[in-house]
Amino acid sequence: MAAAEPARPRRGSSHVAGEGQDREGPRRTTPRRRSGKTGAAAAMRAAAQQLAELLGRLPDSVSSLKPTEDGWEAQVEVVELERIPDTTSVMASYRVALDEDGELISYERTRRYTRGMIDRQT
């Protein structure tokens, strides 16, 4: 009977730099562009995923994303309190700052509102 091959690490397992690198190289949670900076789509996913980890709630949407000198800034909408009917659920808007590698460096709740609320023109 032949010796069993060692189990390959699962995709979501933690990675220590320099150890266990295969042909693909180290795995990142946020893909990079060739310039070393995170692209807009990856930044949008990173903002939503990392905020979800911190808040323990899944984001509903990313309502804005803009590049900054240091990386990206996003507005992420989160359901804070689900109610019936859905239009009365309490939502929150969070400003999320990411560095150029797509890592969350700060977040702040900027607004709370009901889902059915329509912005008024000023």
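Everything numeric in this text was worked out from a predicted model, so none of it was measured. (Residues numbered from 1 in each chain as written. Predicted model: local features only at pLDDT ≥ 70, side-chain atom pairs only at ≥ 80, totals over all residues. Heavy atoms only, no water.)

(A) Molecular detail of the packing of aromatic side chains. The full count for this structure, using the stated rule, is 1 aromatic pair. A ring pair is formed by Tyr94 and Tyr107, whose centres lie 6.0 Å apart and whose planes are at 50°; its orientation type is tilted. Here Tyr107 lies in strand β4 (residues 104-114) and Tyr94 lies in strand β3 (residues 90-99), a separation of 13 residues in the sequence. Since its relative accessible area comes to 5%, Tyr94 is described here as buried. A relative accessible area of 37% means that Tyr107 is categorised as partly exposed. Geometry around Tyr113 places Arg111 over its ring, the cationic atom sitting 4.1 Å from the centre. (Phe/Tyr/Trp six-rings, centres within 6.5 Å; stacked < 30°, edge-to-face > 60°. Helix = DSSP H or I, 4+ residues; strand = E, 2+ residues; numbered from the N terminus. Buried < 20%, exposed > 50% of the residue type's maximum accessible area, 1.4 Å probe, protein only. Lys NZ or Arg CZ within 6 Å of the ring centre and 35° of its normal.)

(B) Spotlight on the pattern of salt bridges. Summed over all chains, the structure comprises 7 salt bridges. Residue Arg112 pairs with Glu80 through a salt bridge whose shortest N-O separation is 3.0 Å. Of the two residues, Arg112 sits in strand β4 while Glu80 sits in strand β2 (residues 71-81), which places them 32 residues apart along the sequence. Overlapping salt bridges bring together Lys66, Glu73, Arg95 and Glu108 as one network. (Salt bridge = Lys/Arg side-chain N within 4 Å of Asp/Glu carboxyl O.)

(C) Broad picture of the pairing of strand β1 (residues 59-67). For β1 and β2, the ladder comprises 7 bridges, and the chain directions are antiparallel. Paired with Val62 across the strands is Val76, a residue of β2. Counting the residues between successive antiparallel strands, the hairpin from β1 to β2 contains 3 residues. (Pairing = 2+ DSSP bridges.)

(D) Expanded view of the sheet that holds β2. Spatially, the 4 strands line up as an open sheet ordered β1-β2-β3-β4, and their pairing is antiparallel. One side of each edge strand has no neighbouring strand; the edge strands of this open sheet are β1 and β4. The sheet shows a mean angle of 20° between the axes of neighbouring strands, direction not considered. Against the sheet, helix α1 (residues 40-55) contacts β1, β2, β3 and β4, and its axis sits at roughly 120° relative to β3. (Axes fitted to C-alpha atoms, helices over the stretch in contact; angles between N-to-C directions. Contact = heavy atoms within 4.5 Å.)

(E) Broad picture of the nonpolar core. With 12 residues, the main nonpolar core is built from Ala43, Ala46, Ala47, Leu51, Trp72, Ala74, Val76, Val78, Ala92, Tyr94, Val96 and Leu98. Among the secondary structure elements, those contributing two or more residues to this core are α1, β2 and β3. The contact partners of Leu51, leaving out residues within four places of it in the chain, are Val76, Val78, Tyr94, Val96, Leu104 and Tyr107. (Core = buried A, V, L, I, M, F, W, Y, C linked by side-chain atoms within 4.5 Å.)

What is shown is where atoms sit, not what they do.
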